[in-house]
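# Coordinate inspection notes
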Amino acid sequence: MTRNFPAGGAPHMPPQTTVATVMLQVLVALVPGVLAYTWYFGIGILVQIVLAALFALVFEALMLRARGRPLKPFINDYSAVVTAVLFALCIPPLAPWWISCIAMLFAIVFAKHLYGGLGQNVFNPAMVGYVVVLISFPQAMTAWLPPLALAEISPGLIDSLLIIFTGQVPFAGGWDAITQATPLDTLKTGVEAGRMVPEIRNSPLFGDFGGMGWEWIANWFALGGFFLLYKRVISWQVPLAVIGSVVLLSLPFWLADPDSNPFPLQHVFSGAIVLAAFFIATDPVSGCVSN
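So, here is what we can say about the structure in this document. (Residues numbered from 1 in each chain as written. Predicted model: local features only at pLDDT ≥ 70, side-chain atom pairs only at ≥ 80, totals over all residues. Heavy atoms only, no water.)

### Concerning the packing of aromatic side chains
We apply this condition: Note on ring pairs: Phe, Tyr and Trp rings are taken, using the six-membered ring of Trp, and paired if centres are within 6.5 Å. Classes follow the plane angle, with under 30 degrees stacked, over 60 edge-to-face and the rest tilted.
Under the counting rule described, the total for this entry stands at 11 aromatic pairs. Judged by centre distance (4.8 Å) and plane angle (75°), the rings of Trp 254 and Phe 263 are edge-to-face. Through successive ring pairs, a cluster of aromatic residues spans Tyr 37, Phe 41, Trp 144 and Trp 214.

### Here's the deal with empty space enclosed by the protein
Our working definition: Cavities and pockets are found on a 1 Å grid laid over the protein atoms alone: a cavity is a set of points where a 1.4 Å probe fits but cannot escape, a pocket is an open set with protein on both sides within 12 Å along at least five of seven lines, and a lining residue has an atom within 4 Å of such a point. Grid points are joined across faces, edges and corners, and a volume is the space filled by probe spheres set on the points. Any residue outside Ala, Val, Leu, Ile, Met, Phe, Trp, Tyr, Cys, Pro, Asp, Glu, Lys and Arg is labelled polar, Gly included; the first ten of those are nonpolar and the last four are charged.
The tally for this structure, following the rule as stated, stands at 2 cavities of 30 Å³ or more. The computed volume of the largest cavity comes to approximately 80 Å³. When grouped by side-chain class, the residues that make up the lining of the largest cavity number 10 nonpolar, 4 polar and no charged. Roughly 50 Å³ of internal volume is contained in the second largest cavity. A class-by-class count of the residues in the lining of the second largest cavity yields 9 nonpolar, 2 polar and no charged.

### Remarks on unusual backbone geometry
Put simply, the test is: To qualify as a helix, a DSSP run of H or I must reach at least 4 residues; to qualify as a strand, a run of E must reach at least 2; elements of each kind are numbered from the N terminus. The rule is simple: take the accessible area with a 1.4 Å probe, protein chains only, and divide by the maximum for that residue type; under 20% is buried, over 50% is exposed, in between is partly exposed.
Despite not being glycine, Tyr 78 has its phi angle at roughly 65°, a positive value. In this structure, Tyr 78 sits in the loop between α3 (71–75) and α4 (79–88). Phi is positive for Arg 232, which is not a glycine, with a value near 60°. Mapping Arg 232 onto the fold places it in the loop between α11 (214–230) and α12 (237–256). Of the residues examined, Arg 232 reaches a relative accessible area of 77% and is grouped as exposed.

### Observations regarding the state of the cysteines
Here, the word disulfide means a covalent bond between the sulfur atoms of two cysteines. Rules: Counting rule for disulfides: a pair of cysteine sulfur atoms within 2.5 Å.
Going through the model one piece at a time under the given rule, you end up with 0 disulfides. Free of any disulfide, Cys 90 has its nearest cysteine sulfur in Cys 101, 18 Å distant. Relative accessible area serves as the criterion here: at 10%, Cys 90 is assigned to the buried category. No disulfide involves Cys 288; its sulfur sits 18 Å from that of Cys 90, the nearest cysteine.

Here is the structure:
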């Protein structure tokens, strides 16, 4: 029996992968982690994302004009927005607005366009912006919030906007009332004071593997990373190498002295290792070009 199947006209070519398509997939993959971040640490992170994106697009447009390039194809490729979101996820949720402005200036203007624009940058633009503000303004970059479940005071949207745009904390006690050491800082300080890791980890600041809230944020970023693997936007070698290296390098110290060195997964689930593994180290321009 002969069956006829409908077919489109030649040529039969697979759909072309565009920069915009890839960047949109990255943004979609970041959504679960961003929502988890907001759930555990408040709405400030969403304000930081919007601020960074606006500054990134402004500097992108200015540089395209200065270089005599058309705006539409480059503004619409979402690469500047991805840079902004990755940067915003690396800074405290209530960092002052000018942190994003300065960081995006260096990320878009210096790290991206002065090297020739998209695809020509030597370093990841988001990380260049992050390093600049981390070195220049260390105090503002270390004002981290505790998880909402542990916070005595939880700034809402209005409070967050007031703090971000004026630097004034509308609560008694100022910054000390709303900030707290991160899990890794707490471990470091406790060990230096002569306390044992199991004793330090009895604090409610810690979860099963990492910091309270942080470990779930890492899980949701990993889910987004698996989405990128499924879509073949990234390869598995890079995230495995990043996370595997952290585990392998910390494992001997934990085995030798578990009272002074945390379990390797503490490192993976307490900071931005998972975000870095799936979204930063996998940058197709500044990352590895071969397995």
